[in-house]
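# Structural overview for review
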Amino acid sequence: QRLKAAVHYTVGCLCQEVEEDKDVRFSKQSIAAIAEITFRQCEIFAKDLEMFARHAKRTTVTTEDVKLLARRSNSLLKYITQKSEELASNNMEQKEKKRKKSSAAKGERTPGEQEAAVTENEDSNM
């Protein structure tokens, strides 16, 4: 019930924005109908995502499942793919930072630092 109320509230807010931008009015009944349709469609999406994961013999829904769900809307698929790539990039950067911090705390050198140290040693030996 709380989720349904949240969807109804969000749809109401979006309708208000459209009213201001497009100079159109929405009745309370039309907002309620849009909210109900949106909620039902989200339920269908959730079941589809669960089935995609189950078909792949997984218990976790992945980004690939979401992309599969969005495949019929090119703009939505493009947006989801872009956001997925951004998240993956950010995750890699975070992991790299953690790796550098942990190796610095242990007094270890990163591969680039090791290479520089070897080069410096070779130069001093000449």
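Residues numbered from 1 in each chain as written. Predicted model: local features only at pLDDT ≥ 70, side-chain atom pairs only at ≥ 80, totals over all residues. Heavy atoms only, no water.

- Looking at an unreviewed UniProt entry, one finds the protein chain named Centromere protein S, with Sinosuthora webbiana as its source organism.
- One UniProt comment on the protein chain, placed under Sequence similarities (unreviewed entry), says "Belongs to the TAF9 family. CENP-S/MHF1 subfamily." (UniProt positions renumbered as here; feature names shortened; annotations may be inferred.)

## Some points on the side chain of Asp 65
- Here Asp 65 shows up in helix H3 (residues 63–69).
- Polar side-chain contacts of Asp 65 include one of 2.9 Å to the side chain of Arg 58.
- Residues within four places of Asp 65 in sequence aside, it is in contact with Leu 49, Phe 52, Ala 53, Arg 58 and Thr 60. (Helix = DSSP H or I, 4+ residues; strand = E, 2+ residues; numbered from the N terminus. Polar contact = N/O pair within 3.5 Å; in protein donor to acceptor, adjacent residues only side chain to side chain. Contact = heavy atoms within 4.5 Å.)

## Re the packing of helix H1 (residues 2–22) against helix H2 (residues 28–55)
- Two numbers describe how H1 lies on H2: the axes approach to 9 Å, and their chain directions differ by 125°. With respect to each other, H1 and H2 are oriented oblique. Two packed elements cross with a definite hand, and for H1 against H2 that hand is right-handed. Contacts from Leu 3, Lys 4, Val 7, His 8, Val 11, Gly 12 and Cys 15 in H1 reach Ile 31, Ala 32, Ile 34, Ala 35, Glu 36, Thr 38 and Phe 39 in H2.
- Residue composition of the contact of H1 with H2, grouped by class: nine nonpolar, three polar and two charged. (Axes fitted to C-alpha atoms, helices over the stretch in contact; angles between N-to-C directions. Parallel < 35°, antiparallel > 145°, perpendicular 65-115°, else oblique. Left-handed = near helix turned anticlockwise from the far one by under 90°. Nonpolar A, V, L, I, M, F, W, Y, C, P; charged D, E, K, R; others polar.)

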